[in-house]
Amino acid sequence: MNHKRPIIAATAFFSLILLYLPALAVGYFSINNARYGLAWRGFTLEWYTKLFHDQYIIEATVNSLILALVSTAISTILGTALAIGLYRAPWSPKTHRFFDLLINLPVVVPDIIMAVALAMAFRILRLLSEAFEMGMLTLIIGHVTFQISFVALIVKSRLESLGHETDEAAMDLYASRFFHFRRVTLPLIMPGVVAGGLLAFTLSIDDFIISFFTHGPDSITLPIYIYASVKRGLTPEIHALSTLLLIFTAVIVVIVERATRKNE
Amino acid sequence: MAETKFDKDMAKTSSAEPDRDGVLADASDKILVWRGEMTSFKSLRTRALALSAPPLVWLTVLLAIPCVLLVGLSFLTRGQYGEIVYVPTFENIKRLAGFGLFGWNANFVLILLRSFVVAGITTILCIALAYPLTFHIATRPGRSRVFWLILIIIPFWTNVVVRAYAWLLILGPHMPPARLAAWLGLINEGGSLYPGSLAVYLGMVSTFLPFMALPLYASVERLNWEIIEAAKDLYGQRLQIFTQAILPQTRPGLAVGVIVTFVPAMATFVITDILGGAKTMLIGNLIQQQFAQAWDWPFGAALSSTLMLMTLICLAIFKRRQDEDPQGSILNRF
Amino acid sequence: MLDVVKSFGKQKVLNNVSLSVEPGEIFTILGPSGCGKTTLLRIVAGLELPDKGTILLNADDITKRPASRRPINTVFQSYALFPHLNVFDNVAFGLKAQGFADDVIGGKVYDILEILQMTGLDKRRPHELSGGQKQRVALARALVNEPLVLLLDEPMSALDAHLRTQVQDELRSLQRRLGTTFVMVTHDQNEAKMLSNRLAVMNEGEIVQFGTTKDVFSTPKNKFVAEFLGATKNNIIDATYLGGNKYHTPFCDIEFASKPSWEKGEILIWPERLQVSPEIGSDGTNYFTGEIRDLFYNGQGLDFMIAKEPGASSKGTPLSVKARTSSEMDIRNGQKVGVYFPPDDIVPLQ
């Protein structure tokens, strides 16, 4: 391609601006020394420091982190197991296609449907046990549900890139099933597992819809808190909080992307 | 030496002659060598099932079954205080179709249609922007390309709430865009550009552009430029170059992009909730209303089931067209 | 040690193949792609199951034993090194899997690395190695376990041409040093010639001929084997029975040492077996005069075509046969020479 149409480049940059304008706006207002208004009144970190004194924000942050860590841990294990079970066994082609469909379904189904379904599930489960009152547990369960499929897909693509010759070589070299799994399969899929885990973590931290339908009064997450503020009235502290959230997510995504590219 | 099960199975394997017996030995007991391991189908599958059963059960209990139950719930009634009364009824469906208490009201049907339309327009706008974007990235040298891709990927993962409310800031009363619109006489003095269609579309496109661009890029990356050069020689008009040379080659990526944009856009809730008003209500907002405020679970279930149906229809259309590249999910990037 | 294999493969990949390998030898299975030789190797390794048949190792029936319990190791065509392990860990893999102690493993690994001239590379990762080095790691990884049989799948195919001779020499001396039985699979007849003690030629799932390398190469059984071993069309000559002991060929009448069972068929004479002399005699049995064409130096000696004039083949080109001599011979293009077919070296083909 030797000719570069300026209009293509211009549109591309426009798209980029469109994508980042929101983030930049939030960032700008988070460091502007003004309660409201566009004008620049000087740089300040006041709004950020205020965050650390806000009871509710700290609580929401803690909730979000605990939720993300626990749900990621569970979903990474379950998702990896799912991927291995589905793609490391001689299923018939028909079964294989069925599994493909199943594993892709949670990804394509709109999250509001998932949220409603989960709310429904908990309502029923509540009849069995008090534990299913809307709260941290239901949040965790809800998050794990959409994370599993996601981790499984990432690990699956990693699994598929491993040829069968490596496995045959391991067997030829006297490996037992356990030895082979621990020393060959696991290390080789680990990059996929870690990437899946990190991204599942991001999904959890930034999730709104599912959390919205599965949380209880005592288990507010950051996105829910921010949403409530949008309704109540926005303050610069919220902008600071949002900026931090954006940066946090961006950093994780960049880490995962660079690590994945290095492996290629 | 005692005859082990292995010996018996081996015997089955060796002597299986379908012609003579007419019936093969039970296939699942058949010994095979799979990836270097000598074992039986049954053993391998049992192992696989042991691993995949917990997550499968989880997904079934918490996702598959509730979805089915939702459909069932659509046919139940709402009690006076919001509880579910197990009296089957078509009331909810009728309400959906517009037959409300006060005669026929097209409100809900409108909302359904609007969901389609908004999703459709968003998708088209995203396509319009995604093509130049991906082309631009494809022509960048190595490092620059990676840089651009990471830039596109990051917004994909960030919080929808934040990105939506940010537009509130941008389109606020004292900000340049609103001021400009007021000066042009499009809105009142001191008014803001939200809630409204413009705000909603800005929010939608800025949220969903990565969803469209990433799969499309996967196809654009593999484009055979020679075909495009040849088309440039053959056809004068740019539109023809596009439809004859570019579109066919990028169809797989485009198809995935369309599905991954249209379906979530149709069901979006946050963006329209924050940036839109009564006039831009979509089915997602309606559903949320039933569960959060009106506490009308059966009606909400009916709406959700309808959305599920709409989703399934879109997926079926997509599957029908997906004979070319089985690229499946965006997540193939990893 | 004996491997006796007799198997039917699925879809008749292998059709009643039966082989026996002697301990301490290099045995090659030679054949074109798709003939089933790799499948055969994999069956011996334990990576595939024969539908019927047995594999005996020193009179032990190992047919039902999984690969991980056969004292046989494989060097794969693509080497299949573990990408996440360094050279040391790759080589040590089998020992570790068998449960040897770490200090024992260390000793064995460094020993084999030294034998293969790879000391100092133990910390490298596979992606940092050259093709030749990867092959050595694969060899080391297999041999460190002191297997009874080492299987090699097309060992030279992934190497650059200039490395092949060197690797061939090294493999030969390695095998002699260790005494392990090697079973090799290849489609390269040169490789087979240079390395093996005995070989078997396979085609379409069947063994066409087997024996010592010398026997098979000097007396191929039929046209397929002859051509596969490098004979060109020019040296496969039609022969028809005349009477008595004599057969007619387009070049001259010939008498065999070993008479064929047919009256009309083809014979093979290897280029290096033709006796060529600048002194011209008169045409007679097993003798004709011809003119040298296309003379060139092949690196070790001279290759040339001898055209018999007059005498055209069906394509209108002069009837020629290929000959090969040592470089000491002083001949040039266009020169007239006398060609003798030694009776012992005329090979009748079935």
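Residues numbered from 1 in each chain as written. Chains lettered and ligands numbered in written order. Predicted model: local features only at pLDDT ≥ 70, side-chain atom pairs only at ≥ 80, totals over all residues. Heavy atoms only, no water.

**Considerations on the overall build of chain B**
(1) Moving on: Of the regular secondary structure elements, chain B holds 14 helices and six strands.
(2) Moving on: Every one of the 334 residues in chain B was classed for burial, and the buried ones make up 51%.
(3) Moving on: Intrachain contacts of chain B at a sequence separation of at least 6 include 60% that bridge at least 24 residues. (Helix = DSSP H or I, 4+ residues; strand = E, 2+ residues; numbered from the N terminus. Buried < 20%, exposed > 50% of the residue type's maximum accessible area, 1.4 Å probe, protein only. Contact = heavy atoms within 4.5 Å.)

**Here we look at helix α4 (residues 93-108) of chain A**
(1) Moving on: Along its 16 residues, α4(A) runs 22 Å from first to last C-alpha, staying within 8% of the 22 Å computed at 1.5 Å per residue.
(2) Moving on: Three or more residues of α4(A) are buried, namely Phe99(A), Ile103(A), Asn104(A), Pro106(A) and Val108(A). (Expected span 1.5 Å × (residues − 1).)

**Examining the interface of chain A and chain C**
(1) Moving on: Of the residues lining the interface, 15 residues belong to chain A; the matching set on chain C comes to 23 residues.
(2) Moving on: Among the residues of chain A in contact with chain C, Asp172(A), Leu173(A) and Tyr174(A) are the three that bury the most area, contributing 41% of the side total.
(3) Moving on: Here Arg42(C) ties to Glu168(A) by a salt bridge, and the two come within 2.7 Å at their closest N and O atoms.
(4) Moving on: If you list the elements that add at least two residues to the side of chain A that touches chain C, you get α7 (164-172) and α8 (177-206) of chain A.
(5) Moving on: Looking at the side of chain A that touches chain C residue by residue, the class counts come to ten nonpolar, one polar and four charged. (Buried area = accessible area lost by both parts, 1.4 Å probe. Salt bridge = Lys/Arg side-chain N within 4 Å of Asp/Glu carboxyl O. Nonpolar A, V, L, I, M, F, W, Y, C, P; charged D, E, K, R; others polar.)

**A closer look at the pattern of salt bridges**
Note that side chains of opposite charge can pair when their charged atoms are close.
(1) Moving on: Under the defined criterion, the tally for this structure stands at 22 salt bridges over all chains.
(2) Moving on: The residue Glu237(A) makes a salt bridge to Lys50(A) at a minimum N-O spacing of 3.8 Å. One end of the pair, Glu237(A), is in helix α11 (residues 236-263); the other, Lys50(A), is in helix α2 (residues 46-51), with 187 residues separating them in the sequence.
(3) Moving on: A salt bridge links Asp122(C) to Lys123(C); the shortest N-O distance between them is 3.5 Å.
(4) Moving on: The structure contains a network of salt bridges with shared partners spanning Glu46(A), Lys50(A) and Glu237(A).

**Some points on the packing of helix α9 (residues 197-221) of chain B against helix α11 (residues 238-266) of chain B**
Residue and element names in this part refer to chain B.
(1) Moving on: Relative to each other, α9 and α11 sit at 155°, their axes nearing to 7 Å. It follows from the interaxial angle that α9 and α11 lie roughly antiparallel. Note that α9 runs across α11; the crossing there is right-handed. On α11, the residues touching Met204, Phe208, Phe211, Met212, Pro215, Leu216, Ser219 and Val220 of α9 are Gln249, Thr250, Pro252, Gly253, Leu254, Val256, Gly257, Val258, Val260, Thr261, Pro264 and Ala265. (Axes fitted to C-alpha atoms, helices over the stretch in contact; angles between N-to-C directions. Parallel < 35°, antiparallel > 145°, perpendicular 65-115°, else oblique. Left-handed = near helix turned anticlockwise from the far one by under 90°.)

**As for the interface of chain A and chain B**
(1) Moving on: Counting residues at the interface gives 98 residues for chain A and 91 residues for chain B.
(2) Moving on: Of the roughly 8400 Å² buried between chain A and chain B, counting both surfaces, carbon and sulfur atoms make up 80%.
(3) Moving on: Where chain A packs against chain B, one counts three salt bridges.
(4) Moving on: The tally of links between chain A and chain B comes to ten residue pairs in polar contact (both at pLDDT 80 or more).
(5) Moving on: Per-element tally for the side of chain A that touches chain B: the top contributor is helix α1 (residues 6-31) of chain A, with 16 residues.
(6) Moving on: Considering only residue class, the side of chain A that touches chain B consists of 70 nonpolar, 15 polar and 13 charged. (Polar contact = N/O pair within 3.5 Å; in protein donor to acceptor, adjacent residues only side chain to side chain.)

**A word on the side chain of Thr306(B)**
(1) Moving on: For Thr306(B), the location among the structural elements is in helix α14 (residues 297-321).
(2) Moving on: With residues near it in sequence (within four places) discarded, Thr306(B) still touches Leu96(B) and Leu112(B).

**Considerations on the packing of helix α2 (residues 87-98) of chain C against helix α4 (residues 131-143) of chain C**
All names here are of chain C.
(1) Moving on: At their nearest, the axes of α2 and α4 sit 7 Å apart, and the two run at 30° to each other. Looking at the two axes, α2 sits roughly parallel to α4. The handedness of the crossing between α2 and α4 comes out as right-handed. In this structure, α2 uses Val87, Asn90 and Val91 to contact α4, whose residues at the interface are Val137, Ala140 and Arg141.
(2) Moving on: Of the residues belonging to the contact of α2 with α4, the class tally is four nonpolar, one polar and one charged.

**A word on a nonpolar patch on the surface**
Residue and element names in this part refer to chain A.
(1) Moving on: A contiguous nonpolar surface patch, about 610 Å² in accessible area, is contributed by Ile58, Val62, Leu65, Ile66, Leu69, Val70, Ile74 and Phe248.
(2) Moving on: Per element, the largest residue contribution to the nonpolar patch is seven residues, and it comes from helix α3 (residues 55-87).
(3) Moving on: Assignment of secondary structure puts Leu69 in helix α3.
(4) Moving on: Assessed through its relative accessible area of 53%, Leu69 is described here as exposed. (Patch = residues over 30% accessible without salt bridge, like charges linked within 9 Å, V, L, I, M, F, W, Y side chains within 5 Å. Areas by Shrake-Rupley, 256 points an atom, 1.4 Å probe, with all protein chains shown as cover.)

**Side note on the sheet that holds strand β12 (residues 246-248) of chain C**
Residues and elements named next belong to chain C.
(1) Moving on: Strand order in the open sheet made by the five strands is β13-β12-β11-β14-β20, with antiparallel pairing throughout. The sheet is open, and its two edges are formed by β13 (253-255) and β20 (347-349), each paired on a single side. Each adjacent strand pair in this sheet contributes to an overall mean axis angle of 45°, direction not counted.
(2) Moving on: Across five bridges, strand β11 (residues 236-243) lies against strand β14 (residues 264-268) in antiparallel orientation. (Pairing = 2+ DSSP bridges.)

**Re the domain arrangement of chain C**
Interfaces are often sized by the amount of accessible area the parts lose when they come together.
All names here are of chain C.
(1) Moving on: The domains assigned to chain C are domain 1 (2-228) and domain 2 (233-349).
(2) Moving on: Domain 1 puts nine residues into the contact, and the matching count from domain 2 is seven residues.
(3) Moving on: The contact between domain 1 and domain 2 buries some 640 Å² in all, and 66% of this surface belongs to carbon and sulfur atoms.
(4) Moving on: Of all residues in domain 1, the largest losses of buried area upon contact with domain 2 belong to Pro220, Lys223 and Ala226, amounting jointly to 52% of the total for that side.
(5) Moving on: For the salt bridge of Lys223 with Glu266, the shortest nitrogen-to-oxygen distance reads 3.3 Å.
(6) Moving on: The interface formed by domain 1 and domain 2 includes two residue pairs in polar contact (both at pLDDT 80 or more).
(7) Moving on: Of all elements in the fold, only α7 (213-218) and α8 (223-228) reach the threshold of two or more residues within the side of domain 1 that touches domain 2.
(8) Moving on: With three residues, α8 is the largest single contributor of residues to the side of domain 1 that touches domain 2.
(9) Moving on: Among the residues making up the side of domain 1 that touches domain 2, the classes are represented as three nonpolar, three polar and three charged. (Domains from an automatic or database assignment.)

**Structural notes on the nonpolar core**
(1) Moving on: In this structure, Phe208(A), Tyr165(B), Ile274(B) and Phe93(C) are the most contacted members of the largest nonpolar core, which totals 216 residues.
(2) Moving on: Tallying contributions element by element places α9(B) first for this core, with 14 residues.
(3) Moving on: If we ignore the near neighbours within four places in the chain, the residues touching Phe208(A) are Pro223(A), Ile224(A), Tyr227(A), Val161(B), Phe269(B) and Val270(B).
(4) Moving on: Counting 34 residues, the second-largest nonpolar core is a separate cluster that includes Tyr79(C), Leu113(C), Leu129(C) and Ala140(C). (Core = buried A, V, L, I, M, F, W, Y, C linked by side-chain atoms within 4.5 Å.)

**Brief notes about the packing of aromatic side chains**
(1) Moving on: Taken as a whole and judged by the stated rule, the model has 32 aromatic pairs over all chains.
(2) Moving on: Note on Phe88(C) and Tyr110(C): the rings are 5.3 Å apart at their centroids and 50° apart in plane angle, and the pair reads as tilted. Taken as a pair, Phe88(C) in helix α2 and Tyr110(C) in helix α3 (residues 102-115) lie far apart in primary sequence, 22 residues in all.
(3) Moving on: On the basis of an interplanar angle of 45° and a centroid distance of 6.5 Å, the ring pair of Phe251(C) and Phe341(C) is categorised as tilted. Residue Phe251(C) is found in the loop between β12 and β13, and its partner Phe341(C) is found in the loop between β19 (336-340) and β20; the two are separated by 90 residues along the sequence.
(4) Moving on: What makes Phe341(C) buried here is its relative accessible area of 1%.
(5) Moving on: Here the aromatic cluster, defined as three or more aromatic residues joined through ring pairs, consists of Phe208(A), Phe212(A), Phe213(A), Tyr227(A), Phe269(B), Phe291(B) and Trp297(B). (Phe/Tyr/Trp six-rings, centres within 6.5 Å; stacked < 30°, edge-to-face > 60°.)

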